[in-house]
Amino acid sequence: MRWWTPRSSTGFIVETIGDCYMVAGGLLKREAGGPHTIWSRDNQAGNDDLNPASRIHALAVGMLQAAKSVPMPTTGGHVELRIGMHTGPCVSGIVGRKMPRFCLFGNTVVKAARMETTSETHAIHASWDTWLALGQPWHDLHWRPTNGVQAKGIGLMQTMLWREDYIRRV
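Residues numbered from 1 in each chain as written. Predicted model: local features only at pLDDT ≥ 70, side-chain atom pairs only at ≥ 80, totals over all residues. Heavy atoms only, no water.

**Re helix 2 (residues 107-117)**
Definition in use: Each residue is placed in one exposure class: buried if its accessible area under a 1.4 Å probe, protein chains only, is under 20% of its type's maximum, exposed if it is over 50%, and partly exposed if it falls in between. Starting at the N terminus, helices and strands are each numbered in turn, a helix being any DSSP run of H or I of at least four residues and a strand any DSSP run of E of at least two. Within this analysis, the arc is defined by the directions that extend from the helix axis to the C-beta atoms. In this description, contact between two residues means that some pair of their heavy atoms is separated by no more than 4.5 Å.
Every buried residue belonging to helix 2 is among Thr108, Val109, Ala112, Met115 and Glu116, and all of these are buried. Along the axis of helix 2, the buried residues cluster in a sector spanning 120°; they form a single face. Elements in contact with the buried residues of helix 2: strand 2 (20-24), strand 5 (82-85), strand 7 (101-105), strand 8 (123-127), strand 11 (155-157) and strand 12 (159-162).

**Remarks on the pairing of strand 12**
Rules: Strands were regarded as paired on the criterion that DSSP finds at least two bridges between them.
Both faces of strand 12 are covered, namely the face carrying Thr159 and Leu161 and the face carrying Met160 and Trp162. Here strand 8 pairs with strand 12 via four bridges, running antiparallel. The partner of alanine 126 across the bridge, within strand 12, is methionine 160. Of the strand pairs in this sheet, strand 9 (residues 143-145) and strand 12 are connected by three bridges, and their pairing is antiparallel. What sits directly across from tryptophan 143, in strand 12, is tryptophan 162.

**Looking at the pattern of salt bridges**
Selection rule: Between Lys or Arg on one side and Asp or Glu on the other, a salt bridge is scored when a side-chain nitrogen of the former is within 4 Å of a carboxyl oxygen of the latter.
Under the defined criterion, the tally for this structure stands at five salt bridges. A salt bridge links glutamate 164 to lysine 68; its shortest N-O distance comes to 2.4 Å. On the criterion of sequence distance, the pair formed by glutamate 164 in the segment after strand 12 and lysine 68 in the loop between helix 1 (52-67) and strand 5 is long-range, its members being 96 residues apart. Relative accessible area serves as the criterion here: at 31%, glutamate 164 is assigned to the partly exposed category. Across the pair aspartate 165 and arginine 163 runs a salt bridge, and its minimum N-O distance is 2.9 Å. For aspartate 165, a relative accessible area of 60% translates into the label exposed. One salt-bridge network, held together by shared partners, links Glu120, Arg144, Arg163 and Asp165.

**Side note on the packing of aromatic side chains**
Keep this limit in mind: Centres within 6.5 Å are what make two rings of Phe, Tyr or Trp a pair, Trp counting through its six-membered ring; a difference in plane orientation under 30 degrees is then read as stacked, over 60 as edge-to-face, and the rest as tilted. A ring has a charge above it when a Lys NZ or an Arg CZ is no more than 6 Å from the ring centre and no more than 35 degrees off the ring normal.
Under the defined criterion, the tally for this structure stands at three aromatic pairs. Ring geometry for tryptophan 131 against tryptophan 138: centres 5.0 Å apart, planes inclined by 75°, an arrangement best described as edge-to-face. Its relative accessible area of 0% is what places tryptophan 131 among the buried residues. Measuring from ring centre to ring centre gives 5.2 Å for tryptophan 131 and tryptophan 143, while their planes differ by 70°; the resulting arrangement is edge-to-face. Taken together, the positions of tryptophan 131 in helix 3 (residues 128-133) and tryptophan 143 in strand 9 put the pair 12 residues apart, joining distant regions of the chain. The positively charged end of arginine 144 is found above the aromatic ring belonging to tyrosine 166, 5.3 Å away from the centroid.

**Some thoughts on a nonpolar patch on the surface**
What counts is decided by this rule: Patch membership requires over 30% relative accessible area and the absence of a salt bridge. Like charges are linked within 9 Å, and nonpolar side chains (Val, Leu, Ile, Met, Phe, Trp, Tyr) within 5 Å. Per-residue accessibility takes into account occlusion by the displayed protein chains alone, with areas from the Shrake-Rupley method and a 1.4 Å probe.
A cluster of nonpolar side chains, namely Val91, Val95 and Phe105, defines an oily patch on the protein surface of about 240 Å² accessible area. Under the relative-accessibility criterion, phenylalanine 105 is labelled partly exposed at 38%.

**Thoughts on the pairing of strand 6 (residues 91-95)**
Pairing of strand 6 with strand 7 involves five bridges; the strand directions are antiparallel. Paired with serine 92 across the strands is leucine 104, a residue of strand 7. Connecting strand 6 to the antiparallel partner strand 7 that follows it, the hairpin turn spans five residues, and glycine 96 within it adopts a positive phi of roughly 105°.

**Some details on the nonpolar core**
Quick reminder of the rule: The term nonpolar core refers to a set of buried residues drawn from Ala, Val, Leu, Ile, Met, Phe, Trp, Tyr and Cys, joined through side-chain atoms within 4.5 Å.
Residues Leu64, Ile83, Met85, Ile124, Trp143 and Trp162 are the most contacted members of the largest nonpolar core, which totals 16 residues. The leading source of residues in this core is helix 1, at six residues.

**Side note on the confidence of the model for the protein chain**
Reading fine detail from the predicted coordinates is not recommended where pLDDT is low. Condition: Confidence per residue, as judged by the predictor, is encoded in pLDDT with a range of 0 to 100.
Put simply, the protein chain has an average pLDDT of 80, and 75% of its residues get 70 or more. In the predicted structure, residues 1-9 sits below a pLDDT of 50 and forms 15 contacts with residues beyond four places in sequence or in another chain.

This is the structure:
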């Protein structure tokens, strides 16, 4: 099972909380001269290879496919994943004195967590902002609208759900 290789790396693992992982894309981009700059949708428009939403979605699909081959030692069934995606601005910083760590803060992080907690297993639950950042890929028949999800502390969010076993009728 090898879906995360240096060449295909699409995100930065920011935090692990229990059995949850948070991956962020588009935070930093290495320039030829060495300094880092924040990724901007404006200066990368139309380039899916550099679009963080597209890259993180590809990573999420790879994770769902890889999970099928990982058996649970207790049940023999395969690992079940719920994936949430949200796109938006955030603030980063180093937190802690004894064990400093890199953290992300803001509504984008909260909304991404809500997408995960309200997702179905074996699915990618994306906010409408992420759907727009992906370019509204209606050609991918694995996507379907959810008719909105009530997210704690946020209210009703328009969302889309991607499932490999779902094929939308056209």
